[in-house]
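Chain by chain, the residues:
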Amino acid sequence: MKKFKWQAAVVAFFLTLALAYFAISAIQRQRIIEPLSERLREVTGVMKVELSKENNRQLVVVDLDYVDNLSETWQLINERTAAILGPGNYRLLIKDRRSPGLVQVYNTVHFALYEGEMKGNFTAMAREVEKTLNSAAVDEYRLFVDGSNIYLQIKNGEDYLLAVIDRKSRIKEGEQA
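Calculation criteria
- Residues numbered from 1 in each chain as written.
- Predicted model: local features only at pLDDT ≥ 70, side-chain atom pairs only at ≥ 80, totals over all residues.
- Heavy atoms only, no water.
- Helix = DSSP H or I, 4+ residues; strand = E, 2+ residues; numbered from the N terminus.
- Contact = heavy atoms within 4.5 Å.
- Areas by Shrake-Rupley, 256 points an atom, 1.4 Å probe, with all protein chains shown as cover.
- 1 Å grid on protein atoms, 1.4 Å probe; cavity = no way out; pocket = protein on both sides within 12 Å on 5 of 7 lines; lining within 4 Å.
- Points joined across faces, edges and corners; volume = space filled by probe spheres on them.
- Buried < 20%, exposed > 50% of the residue type's maximum accessible area, 1.4 Å probe, protein only.
- Pairing = 2+ DSSP bridges.
- Axes fitted to C-alpha atoms, helices over the stretch in contact; angles between N-to-C directions.
- Phe/Tyr/Trp six-rings, centres within 6.5 Å; stacked < 30°, edge-to-face > 60°.

Novice: Hey, could you go over the overall build of the protein chain for me, with residue numbers and the actual values?
Specialist: From N to C terminus, the protein chain includes five helices and six strands. Helices and strands in the protein chain line up, N terminus first, as α-β-β-α-β-α-α-β-β-β-α. In the protein chain, of all internal contacts separated by at least 6 residues, the share reaching a separation of at least 24 is 53%. Accessible area for the protein chain stands at about 11,500 Å²; split by element, carbon and sulfur atoms hold 53% of it.

Novice: Summarise the layout of surface pockets; cite the residues concerned and give the values.
Specialist: In this approach the atoms are scanned with a rolling probe the size of a water molecule, which exposes any empty space left behind. Roughly 740 Å³ of internal volume is contained in the largest pocket. In this structure, the largest pocket is lined by 27 residues; those nearest its centre are Trp74, Leu92, Asn149, Val164 and Asp166. Secondary-structure elements contributing two or more residues to the lining of the largest pocket are α2 (70–85), β3 (90–95), α3 (100–119), β5 (149–156), β6 (159–166) and α5 (169–173). In terms of residues, the lining of the largest pocket owes the most to one element, β6, which gives six residues.

Novice: Which residues make up the pairing of β5, and what are the values?
Specialist: By the criterion of burial, β5 is predominantly enclosed, with six of the eight residues buried. Note: strand β4 (residues 140–145) against β5, six bridges, orientation antiparallel. Within β5, the residue paired with Phe144 across the bridge is Tyr151. Counted along the chain from β5 to the antiparallel partner β6, the turn is two residues long, and its residue Gly157 has a positive phi close to 65°.

Novice: For the pairing of strand β1 (residues 46–54), give the residues involved together with the corresponding values.
Specialist: Relative to strand β2 (residues 57–64), β1 runs antiparallel, the two sharing eight bridges. Residue Glu54 lies in a different strand from β2, and its bridge partner there is Arg57. The loop that links β1 with its antiparallel partner β2 comprises two residues; one of these, Asn55, has a positive phi angle of about 50°.

Novice: Would you mind going over the sheet that holds β6 in detail, with residue names and values included?
Specialist: In spatial order, the strands read β4-β5-β6; together these three strands make up an open sheet with antiparallel pairing. Both outer strands of the open sheet, β4 and β6, are each paired with one neighbouring strand and no more. Strand-to-strand, the axes of this sheet are offset by a mean angle of 5°, without reference to chain direction. Those strands touched by α2 are β4, β5 and β6, and its axis lies near 120° from that of β5. Along the sheet, helix α4 (residues 122–136) contacts β4 and β5; its crossing angle with β4, the most-contacted strand, is approximately 170°.

Novice: Any details on the sheet that holds β2? Residues and values, ideally.
Specialist: Judged by pairing direction, the sheet is mixed, and its three strands sit side by side in the order β1-β2-β3 without closing on themselves. One side of each edge strand has no neighbouring strand; the edge strands of this open sheet are β1 and β3. Strand-to-strand, the axes of this sheet are offset by a mean angle of 20°, without reference to chain direction. Contacting β1, β2 and β3, α2 crosses the sheet at an angle of about 145° to β3.

Novice: Residues and numbers for the side chain of Ser37, please.
Specialist: For Ser37, the location among the structural elements is in helix α1 (residues 6–41). Ser37 gets classed as buried once you look at its relative accessible area, which sits at 8%. Residue contacts for Ser37: discarding those within four places in its chain leaves Val49 and Leu51.

Novice: Hey, could you go over the packing of aromatic side chains for me, with residue numbers and the actual values?
Specialist: By the definition in use, this model includes one aromatic pair. On the numbers, 5.9 Å between centres and 70° between planes, the contact of Tyr66 with Tyr160 is edge-to-face. Residue Tyr66 is found in the loop between β2 and α2, and its partner Tyr160 is found in strand β6; the two are separated by 94 residues along the sequence. Assigned by exposure class, Tyr66 and Tyr160 land together as buried.

Listed below in structure tokens is the structure:
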């Protein structure tokens, strides 16, 4: 009877584990990551797509150029992502080309945006945003509201800021106005 070589068994076990990990990664890349990246790059304005894991969900980071209608673009990106990853299995994040000046302008109007979200008074929110952004002398801004989100786009020169505020998050978390 030959003596059992446990070192060889341990090495074989870890090699098998590593092989399984790389096989699963390759399958995931072929079936999820590449098709999702390809589908999202078809959307006008999408420059780059990055995926990573975040708390048992996929984090989908989309590098987005300035677009005509952030609301429509966001919804299209969200629909295509949900079709591949499944609803609720991901968090979508938009990367823009913000400058410190645009961040400062956004910080000035974000109170009006969140107040409009909480109170549901979107007309007053739009007036306050318009007043603030007109006095900030930005080149262009657009504000959209739908049943799920508030969308703000601010552009100044080559820089632009894209903000999506989830209208349902406070309700889900139990926060009340």
